[in-house]
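Each chain is listed here by its residues.
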Amino acid sequence: GKMSKSKGNVVDPKVLVDRYGLDAIRYFLLREIAFGQDGNFTNEALIQRINSDLANDLGNLVSRTAGMIEKYFGGQLPVEREETEFDASLKETAKAVTEKVDGLLDNMLFSDALIEIWNLIRRTNKYIDETQPWVLCKDEAKKAELANALYNVAESIRIISILIQPFMPLTPAKIWAQL
């Protein structure tokens, strides 16, 4: 239903921010509600967005990647890298998304811009599944391929962290700290 002060169903943003963090609330509102329009707000929708988009898609991507770089290379990626067949597609997506987001932000289409950024996040997660670092790490001869895969994921995360900065100003620093 509609929020109105007289009905007493106005959500207190301070309570939400205290519980979920400012960036999560900003993400939810910019993602769910078209700029300048009225929107529906439900606690369920908020929690689902935070869990699926922020915790699963983005949070998992960052912690998985940082964990693998730490586990397989002691936190430092080697310079020697060997390309895989999956690299070009990931790089194309990153380039296309970056260009689209620029245009969408110029037109204040914040929700659409976030959808694009999340396409890159999901593509990066898929790239991890395609390159299978947990398999590559078992073969010494594939070390350069493993380094390459993790480098590309880290680079993709770097791009993502820059793209989300206008929406979630506090999150990029947390991502950089993890990487």
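Above this text sits the structure in question.
Definitions and limits used
Residues numbered from 1 in each chain as written. Predicted model: local features only at pLDDT ≥ 70, side-chain atom pairs only at ≥ 80, totals over all residues. Heavy atoms only, no water. Helix = DSSP H or I, 4+ residues; strand = E, 2+ residues; numbered from the N terminus. Buried < 20%, exposed > 50% of the residue type's maximum accessible area, 1.4 Å probe, protein only. Contact = heavy atoms within 4.5 Å. Areas by Shrake-Rupley, 256 points an atom, 1.4 Å probe, with all protein chains shown as cover. Phe/Tyr/Trp six-rings, centres within 6.5 Å; stacked < 30°, edge-to-face > 60°. Lys NZ or Arg CZ within 6 Å of the ring centre and 35° of its normal. Core = buried A, V, L, I, M, F, W, Y, C linked by side-chain atoms within 4.5 Å. Polar contact = N/O pair within 3.5 Å; in protein donor to acceptor, adjacent residues only side chain to side chain. Axes fitted to C-alpha atoms, helices over the stretch in contact; angles between N-to-C directions. Parallel < 35°, antiparallel > 145°, perpendicular 65-115°, else oblique. Nonpolar A, V, L, I, M, F, W, Y, C, P; charged D, E, K, R; others polar.

Draft legend 1. Seen up close, the overall build of the protein. Looking only at helices and strands, the protein has eight helices and zero strands in total. Each helix and strand of the protein, placed in order from N terminus to C terminus, yields the pattern α-α-α-α-α-α-α-α. Evaluated residue by residue, the protein yields a buried proportion of 40% over its 179 residues. Considering only contacts within the protein whose residues lie at least 6 apart along the sequence, 73% involve residues at least 24 apart. On the protein, roughly 10200 Å² of surface is accessible, and the fraction owed to carbon and sulfur atoms is 53%.

Draft legend 2. Here's a closer look at the packing of aromatic side chains. Applying the stated criterion across every chain yields a total of two aromatic pairs. Taken together, a centroid distance of 4.6 Å and an interplanar angle of 40° make the contact between tyrosine 27 and tryptophan 118 tilted. A residue pair is termed long-range when its members are at least 10 positions apart, and tyrosine 27 in helix H2 (residues 22-32) and tryptophan 118 in helix H5 (residues 110-131) qualify at 91 residues. In this structure, tyrosine 27 and tryptophan 118 share a single accessibility class: buried. Look at phenylalanine 110 and phenylalanine 167: their rings are 6.3 Å apart centre to centre, the planes differ by 80°, and that puts the pair in the edge-to-face class. Of this pair, phenylalanine 110 sits in helix H5 while phenylalanine 167 is found in the loop between helix H7 (143-163) and helix H8 (171-178), placing the two residues 57 residues apart along the sequence. Sitting over the face of the ring of tyrosine 151, arginine 81 holds its NZ or CZ atom 3.6 Å from the ring centroid.

Draft legend 3. Just the nonpolar core, in detail. The biggest cluster of nonpolar side chains holds 44 residues, and the ones touching the most others in it are Leu58, Ile117, Trp118, Ile160 and Ile164. Here isoleucine 164 is in contact with Leu58, Ile117, Trp118, Thr171, Pro172 and Ile175, once residues within four sequence places are set aside.

Draft legend 4. View of the environment of glutamine 48. Structurally, glutamine 48 can be placed in helix H3 (residues 43-73). Residue classification places glutamine 48 among the exposed residues on the basis of a relative accessible area of 58%. Taking the C-alpha atoms as reference, glutamine 48 lies 9.9 Å from phenylalanine 28; in sequence the two are 20 residues apart.

Draft legend 5. Inspection of the environment of serine 161 at higher detail. Examined against the element boundaries, serine 161 turns out to sit in helix H7. With a relative accessible area of 0%, serine 161 lands in the buried category. Distance from serine 161 to leucine 58, taken between C-alpha atoms, is 9.8 Å for residues 103 residues apart in sequence. Not counting chain neighbours up to four residues away, the residues in contact with serine 161 comprise Pro172, Ile175 and Trp176. A distance of 2.6 Å separates a polar side-chain atom of serine 161 from the backbone oxygen of arginine 158.

Draft legend 6. Up close: the packing of helix H4 (residues 87-106) against H7. With their axes 11 Å apart at the nearest point, H4 and H7 run at an angle of 5° to one another. Our classification of the angle between H4 and H7 gives roughly parallel. Contact with H4, carried on its side by Asp87, Leu90, Lys91, Ala94, Val97, Thr98 and Val101, involves Asn148, Asn152, Ser156, Ile159 and Leu163 of H7 and no other residues of that element. Residues that form the contact of H4 with H7 fall into these classes: six nonpolar, four polar and two charged.

Draft legend 7. Examining the side chain of arginine 31 more closely. Examined against the element boundaries, arginine 31 turns out to sit in helix H2. Every residue in contact with arginine 31, bar those within four places of it in the chain, is listed here: Arg49, Asp53, Ser111, Leu114 and Ile115.

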